[in-house]
Amino acid sequence: MTGSRKILLISASHYEPRGGVARVERYWTSGLTLVHLEALTPRDFVCELVDDFRREPPLETDAELVGITAMGLQIGRAYDLADYYRARGLPVVMGGAWVSLNPEQALEHCDVVVKGEAEYAWPELLADFQRGVFRQRVYEGSRPHDLRGLPEADLDHLPLWRPELMREKVYRDYYFQFPLYVTRGCPFRCEYCCITQFHEATYRKRPIGEVMRDVDAIRSRGSRNILFMDDNPVADRRYAKELFGALAPKGMRWCSQCTIQIAEDEELLDLAAKSGCFLLSIGFETIKQSNLDGINKPWARAREYARLIRLLRHRGIQIVALIMIGLDDDDPADFDRTLEFLIRHKVPLAKFHLPIPYPGTPFYDRMEKEGRILTKDWNRYHYGSAVIQPKRMTPEMAEQKFWATYHDFFSMRSILRRFFPPAPRNLKIQMHYLTANLIFRKMQQAGKHPYLY
Ligand code: B12
Ligand code: SF4
């Protein structure tokens, strides 16, 4: 039996550049945060889960506690929601990467912050709530969880999954990717990234048997599609090989964010392809080694990128290249060189980013020290906006070149050069991403910023 005290758990959306809350009718995945928090909640409570990206959180509620999660650009909206519920006398708890790195800032808007992961801190906070008093303003687990025996999240409650659309072949077979994670943390320390601090420099892996249980839960919902929510699932190659080996007989298709390390080990790459990997979002960041060194990513070797992209392409794995332009060693011509590189090497999708210093990261601290932060309006912390003073161009030039690069990446000439002739394997998936390019091209022509999604 579940309890009757209600907790409203919200994942914040973000504001559109012209105001208004960004909302979608359908979305290609759903974060695990809310269902995972629900699974960690003692049965004395019942949770209502709302993704603000999909629908407006209830302004009138019988909940006794509100929990809000937010990332990056969503933080402005999250703070507004927190202010709203607090003004109505409801206690508000916030968690997630941004507030964990900036608890003092968050406490201006909420009553309590969960710093870091919730596995130990959330039940402790709720026990205090039951007793009628929060003993702390910042709850932090005594140690990182070893990721064994985590409670099973109820995938039917995923806020952005629409089971009624599973009847549509495209939604079921291609569009919706079920979330799953296998590791937490990353052994690297890229200057701009929050992951190392958030996970206190740990890298932890879930037992493979428990991961397979979750894979079966996805399969039982009629899907073969997985999106790994990991930041770097291949940091421990032995574990990754074992995982891909266990996954292969399941007949799933998966995509993930990943480091380029996956292509540095051909056995690993073959196993990934055999286990159903069809798309990887890879943080190449820049094609200049001096820039990689400058953001503390010297282990990535720019001169190897072309060869490693070829290895991925040869196995029919689609790439989403995550690219930062306007780093300290970039001048305006580097935007064009980067674009040419992506076209020449037939990269199916790229997401361009002007550098964003997330508060709490070493990059933010350096920019602050160098007096280069131009605004602390968090609603401008999206990737098409120059929020730091670049070294070798003006902020206006950086923005102009950003939009020009984005425009040119989706020009017909670029799309044709990137998709033809096609790679030897996975023709169907390639055609799917060709269509995705045409959709992005349309969005871009309509003046939309697709990367907010
Ligand atoms: C899924 C995901 C998305 C999805 C979210 C879809 C949705 N609305 O459901 C999409 C693709 C939309 C997305 C987009 C973006 N994302 Co995102 N995303 C993730 C990802 C991969 C997984 C999140 C997840 O489910 N994790 C699993 C759960 C279980 O872990 P968790 O969220 O950390 O939650 C745990 C704790 O943090 C804590 N917790 C978290 N929130 C709360 C709240 C309360 C009340 C409590 C008590 C505890 C708590 O409890 C949980 C259990 O321990 C993370 C990376 C990661 N590994 O987490 C990045 C991440 C959160 N995203 C990030 C960013 C930057 C973005 C973008 C801004 C990037 C962009 N291109 O613009 C956009 C913003 C989109 C927007 N609309 O504004 C950053 C956040 C950085 C920061 N400092 O805030 C992360 C950490 C990635 C990274 N490596 O930098 N993202
Ligand atoms: S490799 Fe990725 S997850 Fe790891 S520190 Fe660098 S950016 Fe963060």
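Being a predicted model, the structure only gives us computed values, none of them experimental.

(A) Representation of the overall build of the protein chain in the model. Helix and strand counts for the protein chain stand at 18 helices and 14 strands. Compactness check: the protein chain gives a C-alpha radius of gyration of 22 Å against a globular reference of 22 Å for 453 residues, within 12% of the reference. Taking the principal axes of the C-alpha coordinates as reference, the protein chain spans close to 65 × 55 × 40 Å. Residue burial in the protein chain is summarised as follows: out of 453 residues, 40% are buried. In the protein chain, of all internal contacts separated by at least 6 residues, the share reaching a separation of at least 24 is 74%.

(B) Structural view of the sheet that holds strand β4 (residues 92-95). As summarised here, the arrangement of the six strands in space is β2-β1-β3-β4-β5-β6, forming an open sheet in which the pairing is parallel. The sheet terminates laterally at β2 (45-51) and β6 (138-140), the two strands that pair on one side only. On average, each strand axis in the sheet is tilted by 20 degrees relative to the strand beside it, whichever way the strands run. Bridge analysis of strand β1 (residues 5-11) against β2 gives seven bridges, and the strand direction is parallel.

(C) How the structure looks around the environment of Y171. By secondary structure assignment, the location of Y171 is in helix α6 (residues 169-175). Judged by the 16 C-beta atoms lying within 10 Å of it, Y171 falls in the partly exposed class. Distance in space between the C-alpha atoms of Y171 and S223 is 9.7 Å, their sequence separation being 52 residues. Not counting residues up to four positions away in its chain, the partners in contact with Y171 are L165, M166 and F176.

(D) How the structure looks around the domain arrangement of the protein chain. Each assigned domain of the protein chain is listed with its residue range as follows: domain 1 (5-140) and domain 2 (162-452). Taking only C-alpha atoms into account, the centre of domain 1 sits 27 Å from that of domain 2. Sorting the residues of the side of domain 1 that touches domain 2 by element identifies α2 (75-87) and α3 (97-101) as the ones contributing at least two each. It is α3 that contributes the most residues to the side of domain 1 that touches domain 2, four residues altogether.

(E) Highlighting the site of ligand 1. Not every one of the 41 residues close to ligand 1 is listed here, only the nearest: G31, G67, G72, G95 and E117. Put simply, the parts of the chain that give the shell around ligand 1 at least two residues each are α1 (33-40), β3 (65-69), β4 and α3. Both of domain 1 (5-140) and domain 2 (162-452) provide at least three residues apiece to the shell around ligand 1.

(F) How the structure looks around the sheet that holds strand β11 (residues 253-258). Reading across from one edge, β7-β10-β11-β12-β13-β14 is the order of the six strands in this open sheet, with parallel pairing throughout. Since the sheet does not close on itself, it has two edges, and those belong to β7 (178-180) and β14 (349-353), each with one partner. Taking each pair of neighbouring strands and ignoring which way they run, the sheet shows an average axis angle of 20 degrees. Of the strand pairs in this sheet, strand β10 (residues 225-228) and β11 are connected by four bridges, and their pairing is parallel. When the bridges of β11 are listed, I226 appears paired with W254.

(G) α2, seen in detail. If you check α2, its first and last C-alpha atoms are 18 Å apart, about what 13 residues at 1.5 Å a residue would give, namely 18 Å. Listed as buried for α2 are I75, R77, A78, Y79, L81, A82 and Y85. Residues of α2 that are buried sit in contact with β1, β3, β4 and α3. Just past α2, the residue G89 takes up positive phi, approximately 85 degrees.

What counts, and where the lines are drawn
Residues numbered from 1 in each chain as written. Chains lettered and ligands numbered in written order. Predicted model: local features only at pLDDT ≥ 70, side-chain atom pairs only at ≥ 80, totals over all residues. Helix = DSSP H or I, 4+ residues; strand = E, 2+ residues; numbered from the N terminus. Rg over C-alpha atoms; globule rule 2.2 N^0.38 Å. Buried ≥ 20, exposed ≤ 12 C-beta atoms within 10 Å, placed from the backbone. Contact = placed C-beta atoms within 7 Å. Pairing = 2+ DSSP bridges. Axes fitted to C-alpha atoms, helices over the stretch in contact; angles between N-to-C directions. Domains from an automatic or database assignment. Near = placed C-beta within 6 Å. Expected span 1.5 Å × (residues − 1).

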